[in-house]
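Commentary on secondary and tertiary structure
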Amino acid sequence: MSSFRIAVFASGSGSNFQAIIDHIQEKKLDLSIELLVCDKPGAKVIERAEIANIPVFAFRPKEYVSREAYEQEIVKELQKKQIDLIVLAGYMRLVTDTLVKPYYGKMINIHPSLLPSFPGLDAIGQAYEYGVKVTGVTVHFVDNGMDTGPIINQESVIIEESDTLEQLENNIHKVEHRIYSEVIDWIAEGRVQLQDRKVNVLPQKVN
Ligand code: GAR
């Protein structure tokens, strides 16, 4: 059993999920993805989990009386699998206290803009339409706001005048696929400290 156990939540294509799977395999890290939680039973991310032999908890939110009700089910699954870190990777739903309270400081999200600019849906399109010259990627702890939690890491992406929206999306995704795994490694190594809104990343130990 790996010593650091991850659950990924995703709603769509799952390219970030795949990048994390590939990273763990390539680096032979002592981490494992123990569960995929997906709110869209037909999503491509589920195929990716099946190929990688990762258990899936898929659910239809409409079949539950409330958000709290399905989140309680999810918490049960997380506890059964003794999850250390929840990684939201394109999970397009707000989470409530049912999840945030037991997992505050142990749940992270990736967002395709330099927060607090362009929170919410279609952040890449929002930045492109607005005409900013610099956008980027943010990885943050999750609270119960929309993309509002304490920031762990950010990386900027320049928007060239010649960039199409599609080119910008590709550039952002490349950065996402690299930095999300880096942050997961930092947390697994115990190097990320959270104090109120400030996050400190301790230097890597040299053997
Ligand atoms: C990613 O770009 C991620 O940053 C974004 O959804 C995409 C999922 O892509 N998340 C948000 O906008 C959260 N507010 P993927 O399914 O290919 O990983």
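Bear in mind the structure is a predicted one, so any value in this text is a computation, not a measurement.

Observations concerning the sheet that holds strand 7 (residues 151-158)
Pairing is mixed in the open sheet, where seven strands are placed in the order 3-2-1-4-5-6-7. Either end of the sheet is taken by a strand with one partner, and the two such strands are strand 3 (56-58) and strand 7. Ignoring which end each strand starts from, the neighbouring axes of this sheet average 20° apart. Alignment of strand 6 (residues 134-141) against strand 7, held across seven bridges, turns out to be antiparallel. Paired with Val137 across the two strands is Glu155, which belongs to strand 7. Lying over the sheet, helix 1 (residues 15-27) contacts strand 1 (4-10), strand 2 (31-38), strand 4 (85-88) and strand 5 (107-111), oriented at roughly 165° with respect to strand 2.

Quick notes on the UniProt feature "site: Raises pKa of active site His" (unreviewed entry) in the protein chain
Those places that UniProt annotates as "site: Raises pKa of active site His" (unreviewed entry) correspond, in this numbering, to Asp147. With respect to the element layout, Asp147 can be found in the loop between strand 6 and strand 7. Exposure remark for Asp147: the relative accessible area of 15% places this residue in the buried category. Beyond its immediate chain neighbours, meaning those up to four positions away, Asp147 contacts Asn109, His111, Leu115, Pro119, Gly120 and His140. Here the side chain of Asp147 touches Gly120 through a polar contact of 2.8 Å, landing on its backbone nitrogen.

What counts and how
- Residues numbered from 1 in each chain as written.
- Predicted model: local features only at pLDDT ≥ 70, side-chain atom pairs only at ≥ 80, totals over all residues.
- Heavy atoms only, no water.
- Pairing = 2+ DSSP bridges.
- Helix = DSSP H or I, 4+ residues; strand = E, 2+ residues; numbered from the N terminus.
- Axes fitted to C-alpha atoms, helices over the stretch in contact; angles between N-to-C directions.
- Contact = heavy atoms within 4.5 Å.
- UniProt positions renumbered as here; feature names shortened; annotations may be inferred.
- Buried < 20%, exposed > 50% of the residue type's maximum accessible area, 1.4 Å probe, protein only.
- Polar contact = N/O pair within 3.5 Å; in protein donor to acceptor, adjacent residues only side chain to side chain.

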